[in-house]
Each structure stands twice: as C-alpha cells, then as structure tokens.
Amino acid sequence: MPFQLMAKPSGASCNLRCTYCFYTEKENLYGGSARYRMSPEILERYVRAYIRSQDTQVVQFDWQGGEPTLLGIDFFNAVVALQAKYADGREITNTFQTNGTLLTDDWCRFFRQNGFLVGLSIDGPRACHDRYRMRASRRPSFDAVMAGAARLRKHKVTFNTLTVVNDDNARRPLEVYRFLKKIGDGHMQFIPAVERLPDRAARELGLNLASPPSPENKTDTVRVTPWSVSPEQLADFYIRIFDTWVRRDVGRVFVQFFDVALGNWMGAGSGLCVFAPTCGRAGALEHNGDVYACDHYVYPRYKRGNIMHTPLAELMASDPQRRFGEAKKDLLPQYCRGCEVLPVCNGDCPKHRFAQTPDGEAGLSYLCRAYKAVFNHMAPCMTMMAELVQTGRPASDIMGALSSQGAIRRSSAPGRNTACPCGSGKKFKRCCGA
C-alpha cells in the first residue's frame, strides 16, 4: 500500500515560539537547541527511496518543520534536482508548510517556478494570530506573515491557509473565516489545539507536553493546557462556519474538514487519517533520517528506524507500524462502535483518546462531544450534497435548494432546552448551543 511521509529536513528548528506548538520541544530529543539540517547524503537517500516506494504515477513530497525556509532556497533547489534525477517518468509534486515570516520574492519565485503548493500558518486577524504565534523574542509575527501572504499573491503562488483552533480564536469563528477568505485563495485547513500537561514519561524525556495515550500508558485525569480548545468551543466554531459556508460558499471556498466529512458521507473514504478507520500510512522523517510512526508520535518508542540503515519501504511496512495503524480501529471503545457518527468520525486521532466514556471505558477522544454535535448538525446538508454529487450535480447546488427553503435554521439541531446531541447530558443552550 502507498504511504506518505512528512519530511522535516530542519527538524524542530523554528524562528517562532508559538505557545501551543507540540513540535518545537522535540529538539530536546536531538541534543537541545542546535540548528538542524538534513545532510545531502540523507536527502538523496530519502528522495530516491520515497519515489521508488510509491506505486502511483504522481508522487507527492510533503515538507514541514520546524520552519523549512530556515534551510534556504539552495537546499530546495537540490531537492528539485534530485526529484528530477530519480523521477523515472513520474510526476513529482511538493507541498511546503511555512509560518510565512521569512518569505521573500526569491522564495515565491521558486515556489511558482517549481509548482509548490504552500501551506501558510495563520490563526486569523491580528488579535487572534498574535495571541499565541510569537517570535522567540515574544514579539508578534502577524505583520511578517501578512507580508509573506502578499508576496505569495504577487507571484501567483497557490497556497492554503492552516489555522490552529485554540481557546482564543475559537470564540470568533466567523471573524476568522471571513478574514481567511479575504487573504487566501479559498482553501482552508483547521487543526484543533489539544495538548495535555506533562506526564512522567514526558518529563523523563525533557518535554513539556504529555506523551500520547496508549494501552500501557492510560491516563486517569484529563489535564489539558490552558490554550487547548474545549469540545464545546470546537463544536460552536465548526457549526457557525458551516452554516455560513453551506449557504454561500460551497464550490468557492474549500474547508478541508467539510470536504473530508463529505467524502465519508459518500462512502468514498477519508482523505485525512484523523477520520479514517485506521492510520499508520503517514509517517514522519526527521532531519537525520529517523522515521517515526506519525508526526504526532515523534517519541523514542514510536521510532521505526533510520533510512540510512533500513530501506524506507521496509520501515513503513514493519509489524510495529502495521499494529500502530490497526490499533486505531481495534482499540475503539464500545461506546464509539454504536455511535451514529462513527462512519464519519472513526474515533478521531488516537493522540486525542485520553478521555473516558460515560461508563468509564478508556480510549474516548477528548473531542468526542464536539464531533458528535458537529456531524449531527451537518447531517441533513451533507446527505443532500452527497445525493447531488451521486446524481451528477455539483454539491454547490445545495445553496439554491437552501435558499428556496429559506435560510438554514441553526436550530435544526435540538431546541435550546432539549438535551445536547453531543452526549454531554447538558441542555443544548448550556453546551454546544451556548
């Protein structure tokens, strides 16, 4: 089976110190605060091995960090040259995630000339963005990011926005959505910020955030960081954006969360591992050639090996990696197995499964209440869009149908005094309808 790797050629090195970043501290696994850089030998081994391991005509490379622009354009000129050397007639594409603060005209010309799809990290308008996305000096980064976005537009570089939904910007969903529509090209990704305070395993590694839950490392308490988004906040964030998007922007604005949900509703499968039944097909590659089970599992126990010692394809097909991916489905709590939104949720990312079910079973996603509320709320419209697509019509036709019916009613979810569908036991007005 094909797999993907998130390559981190600069390791955890970054010129920002975002409060919520789960990756910057991983530099402690590699000796501290040195600036990391993938060597030419490791880079060539990776490019060659990755292309040869793929059985598709189009091979996509994903570059992230840390902050990959710290490596300079010459590094990625070498990447492109190696890809051409080993392509063997196949089409090579690249994605590049950046905080945008170091983008220059030269960078943007490089992206344009080589067809890179850029992901720009930005958390909304100034007040939202600068709340947590700060430089190491604690100075704000918003102006530098906006300058980078302007250069991307100037050079007609295709870019998506990537927004971390936290306890602050979750309070202003429509303000964030409208801002992103204004500055971007209509493609948005949202990632919920959910991290726990350090457990003993994390402290032993010199880390400040808890290691992922596991059958051997169960958690009895849920101690999330102050900046983590709550399930109720995340539900409200997605619902309010969805109600605007489904009336006005289907086919013009592409929100990854909604696109993935529609794919699951149609039975086409999830393009995102978070909402797929199993995982384990998206690993992470560190600057020194180490391969890990997942970007969120860069911990010693999840290290699969090193590409300089073991073939890449063998590492990703190893028994530990296979068991890691299958555990997402095998360890699903009974509470989830009978849930009405299981086909579109699939239990969320295992990293978030540190809560307990109402009957005390471990392994429930901390965001369960959010996804129950959101997917139940979206169900009528998602069903309608799925039917449109399956009959050969564009999903955007839903806007006309809803317009003819009158504005979509937010209260198509339960009445304010009825039980919230997220399963919290609270009234809707006190929970996701607050």
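Just so it is clear, the structure is predicted and the values come from calculations on it, not from any experiment.

Conventions adopted
Residues numbered from 1 in each chain as written. Predicted model: local features only at pLDDT ≥ 70, side-chain atom pairs only at ≥ 80, totals over all residues. Heavy atoms only, no water. Helix = DSSP H or I, 4+ residues; strand = E, 2+ residues; numbered from the N terminus. Rg over C-alpha atoms; globule rule 2.2 N^0.38 Å. Buried < 20%, exposed > 50% of the residue type's maximum accessible area, 1.4 Å probe, protein only. Contact = heavy atoms within 4.5 Å. Pairing = 2+ DSSP bridges. Axes fitted to C-alpha atoms, helices over the stretch in contact; angles between N-to-C directions. Parallel < 35°, antiparallel > 145°, perpendicular 65-115°, else oblique. Left-handed = near helix turned anticlockwise from the far one by under 90°. Nonpolar A, V, L, I, M, F, W, Y, C, P; charged D, E, K, R; others polar. Salt bridge = Lys/Arg side-chain N within 4 Å of Asp/Glu carboxyl O.

**Q** I'm lost on the overall build of the protein in this one. Help?
**A** For the protein, the helix and strand inventory stands at 15 helices and 12 strands. Against the 2.2 N^0.38 benchmark of 22 Å for 434 residues, the protein shows a C-alpha radius of gyration of 22 Å, consistent with a compact globule. Dimensions of the protein, computed from C-alpha atoms along their principal axes, come out at roughly 60 × 50 × 45 Å. Looking at the protein residue by residue over its 434 residues, the buried ones come to 55%. A separation of at least 24 residues holds for 70% of the contacts in the protein among residues at least 6 apart in sequence.

**Q** So what exactly am I meant to see when it comes to the pairing of strand E8 (residues 282-285) here?
**A** Working note: regular strand, side chains alternate between the two faces of the sheet. By the bridge criterion, four bridges tie strand E1 (residues 4-7) to E8 in an arrangement that is parallel. The partner of Leu5 across the bridge, within E8, is Gly283. As paired strands, E8 and strand E9 (residues 290-292) are joined by two bridges and run antiparallel to one another. Note on E9: the bridge partner recorded for Leu285 is Val291. The turn linking E8 back onto E9 is made up of four residues, and Gly289 within it adopts a positive phi angle of 95°.

**Q** Please clarify how the packing of helix H1 (residues 40-53) against helix H2 (residues 73-86) should be interpreted in this entry.
**A** The description of two packed helices rests on the angle between their axes and on the distance between the axes. Taken N-terminus to C-terminus, the directions of H1 and H2 make an angle of 40°; their axes are 10 Å apart at the nearest point. The angle between H1 and H2 places the two elements in the oblique class. Remark: the crossing between H1 and H2 carries right-handed chirality. Contacts between H1 and H2 involve Leu43, Glu44, Val47, Arg48, Ile51 and Arg52 from the former and Phe75, Ala78, Val79, Leu82, Gln83, Lys85 and Tyr86 from the latter. By residue class, the composition of the contact of H1 with H2 is eight nonpolar, one polar and four charged.

**Q** What exactly am I supposed to notice about the pattern of salt bridges here?
**A** Any two side chains of opposite charge can pair, given that their charged atoms come close. Under the definition given, this model contains 15 salt bridges. Asp105 is the salt-bridge partner of Lys154, the closest N and O atoms lying 3.4 Å from each other. Residue Lys154 is found in helix H5 (residues 142-154), and its partner Asp105 is found in helix H3 (residues 105-114); the two are separated by 49 residues along the sequence. Relative accessible area serves as the criterion here: at 55%, Lys154 is assigned to the exposed category. Residue classification places Asp105 among the partly exposed positions, given a relative accessible area of 25%.

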